Structure formats: structure tokens, C-alpha cells
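Listed below, chain by chain, are the residues.
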Amino acid sequence: MAGGLTVGLALLLFPIGLLTVYSRRSIEPVPTQIDSIKDETLQIPTYLVTFILPFLFVTVDDPYNLAAYSVFMLLVILMLVRTEISIINPGLLFIGFKIFDATTREGTSVMVISKTKPRVNSTIYASPISPQTLILR
């Protein structure tokens, strides 16, 4: 049952994540100067192992197990909502996007969603998805 709920939730969130990314691409891009860049695409397998895999093979034999898994799932959902980790979405990888952790000229750390790796010491024109997340056109 928990595995089915997890798969159902993933199937629901996949198109919502893609819709969010594509709808934000129409926002006017902001020039951002990049001082350093690091590919964070390797975090996607960690995301899958940490947030999805544990629920796929769960058996719920009694109400105590159901309560424990429900609390754990609630904590995971709260963490995803409160942090930028929800941007690291396996669906983005499937459609060719990569996730980059960049430092701007002002010293701010931002996530950049892009199909190509931005160059260091360059100015990119990216649309904001959130205050710390940009999508490169």
C-alpha cells in the first residue's frame, strides 16, 4: 500500500514539476554573473534512493507501521516543501535538464537548471523559479 502511494505521488508530482519549470521559462530573464559552477546532477540518484526507494517495498502489517510510515512520509514532504531539494527532480534529467550549483559574482549560491553547463566568469540570462533557483533559457 505504501509503495503504491509513493508511486502514485511520484506520478502526480512528475508532471507538476515539469509544468513548473516550463511555465517559469516565460518569465523575463535576469542577467546573473557566474563565478563558479558545480554539476549537481549526480544528486538525482541520491534523491531517488533517499526519498522514493524506501517506500516502494514497505509492507504495512499493523496500524503502528502505518502510523510510523505516515509520519516519516509527512516529514519528507515537509522537508521537500521547505527546502530547494524539490527542484532536484528525476523528471528533469529525463527531458535533458541538469542541475548546477553556482556562485554569483555577489557571492550568492544559486541552483541553475539548464540543458548546458554555464561557463565560469560569464553572464547568464536565466528566469527565476524561486529566490535561489534559476532556469537558463
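We now turn to the structure provided with this report. In this text, all values refer to a predicted model and were calculated from it rather than measured experimentally.

1. Topic: the overall build of the protein
No. 1: Within the protein, the secondary structure is distributed over four helices and five strands.
No. 2: In the protein, buried positions account for 34% of the 137 residues.
No. 3: Contacts in the protein between residues far apart in sequence, at least 24 positions, make up 64% of those at least 6 positions apart.
No. 4: Of the accessible surface of the protein, which amounts to about 8400 Å², a share of 66% is contributed by carbon and sulfur atoms.

2. Points about the pairing of strand 2 (residues 98-104)
No. 1: For strand 1 (residues 30-39) and strand 2, the ladder comprises five bridges, and the chain directions are antiparallel. The residue bridging D39 from the neighbouring strand is F100, located in strand 2.
No. 2: For strand 2 and strand 3 (residues 109-114), the ladder comprises six bridges, and the chain directions are antiparallel. Within the sheet, the bridge partner assigned to F100 lies in strand 3 and is V112.
No. 3: Taking the residues that link successive antiparallel strands as the turn, the strand 2-strand 3 hairpin has four residues, and the phi of G107 there is positive, at about 90 degrees.

3. Considerations on the sheet that holds strand 2
No. 1: Read around the closed barrel, the five strands follow the order 1-2-3-5-4; overall the barrel is mixed. The mean inter-strand angle of the sheet, taken between neighbouring strand axes irrespective of direction, is 55 degrees.

4. Details of the nonpolar core
One recurring pattern in soluble globular proteins: nonpolar side chains tend to sit buried together.
No. 1: Residues I34, I37, F100, A102, V110, V112, I124, A126, L134 and L136 constitute the largest nonpolar core, which totals ten residues.
No. 2: Sorting the residues of this core by element identifies strand 1, strand 2, strand 3, strand 4 (122-130) and strand 5 (133-136) as the ones contributing at least two each.
No. 3: Counting eight residues, the second-largest nonpolar core is a separate cluster that includes L92, M111, I129 and I135.

5. A word on unusual backbone geometry
No. 1: The phi angle at N121 is positive, at roughly 60 degrees, despite the residue not being glycine.
No. 2: With respect to the helices and strands, the residue N121 is situated in the loop between strand 3 and strand 4.
No. 3: On the accessibility criterion, N121 (57% relative accessible area) is exposed.

6. Thoughts on the environment of L134
No. 1: Along the chain, the position of L134 falls in strand 5.
No. 2: For the pair L134 and T32, spaced 102 residues apart in sequence, the C-alpha separation works out to 9.5 Å.
No. 3: Discounting chain neighbours no more than four positions away, the residues touching L134 are T32, V110, M111, V112, I113, A126, S127, P128 and I129.

7. Some details on the side chain of T104
No. 1: Following the sequence through the fold, T104 ends up in strand 2.
No. 2: Overall, T104 belongs to the buried group, its relative accessible area being 4%.
No. 3: With residues up to four places along the chain from it excluded, the contact list for T104 reads T32, Q33, D35 and V110.

8. Topic: the pattern of salt bridges
No. 1: Taken as a whole and assessed by the stated rule, the structure comprises two salt bridges.
No. 2: Measuring nitrogen to oxygen at the nearest pair gives 3.5 Å for the salt bridge that ties K38 to E40.
No. 3: Exposure remark for K38: the relative accessible area of 52% places this residue in the exposed category.

Cut-off values and rules
In every chain, residue numbers begin from 1 and rise along the written sequence. Where local features are concerned, this predicted model is filtered to residues with pLDDT of at least 70; where side-chain atom pairs are given and counted, the filter is 80 or more; whole-chain, interface and lining totals use all residues. Each side-chain value is derived from all of the structure's non-hydrogen atoms; neither hydrogens nor water enter the calculation. The helix and strand labels rest on DSSP assignments: H or I over at least four residues marks a helix, E over at least two residues marks a strand, and numbering proceeds from the N terminus. Type-normalised accessible area, obtained with a 1.4 Å probe on protein chains alone, sets the label of each residue: buried when under 20%, exposed when over 50%, and partly exposed for intermediate values. In this description, contact between two residues means that some pair of their heavy atoms is separated by no more than 4.5 Å. Surface exposure here means Shrake-Rupley accessible area, sampled with a 1.4 Å probe, where a residue is shielded only by the protein chains that are shown. At least two DSSP bridges between two strands are needed for those strands to be called paired. In this analysis, axes come from line fits to C-alpha atoms, helices being fitted only over the stretch in contact, and the angle between any two N-to-C directions falls in the range 0 to 180 degrees. Nine residue types can take part in a nonpolar core, namely buried Ala, Val, Leu, Ile, Met, Phe, Trp, Tyr and Cys, and a core is a set of them joined through side-chain atoms within 4.5 Å. Throughout this description, the term salt bridge denotes a Lys or Arg side-chain nitrogen within 4 Å of a carboxyl oxygen of Asp or Glu.

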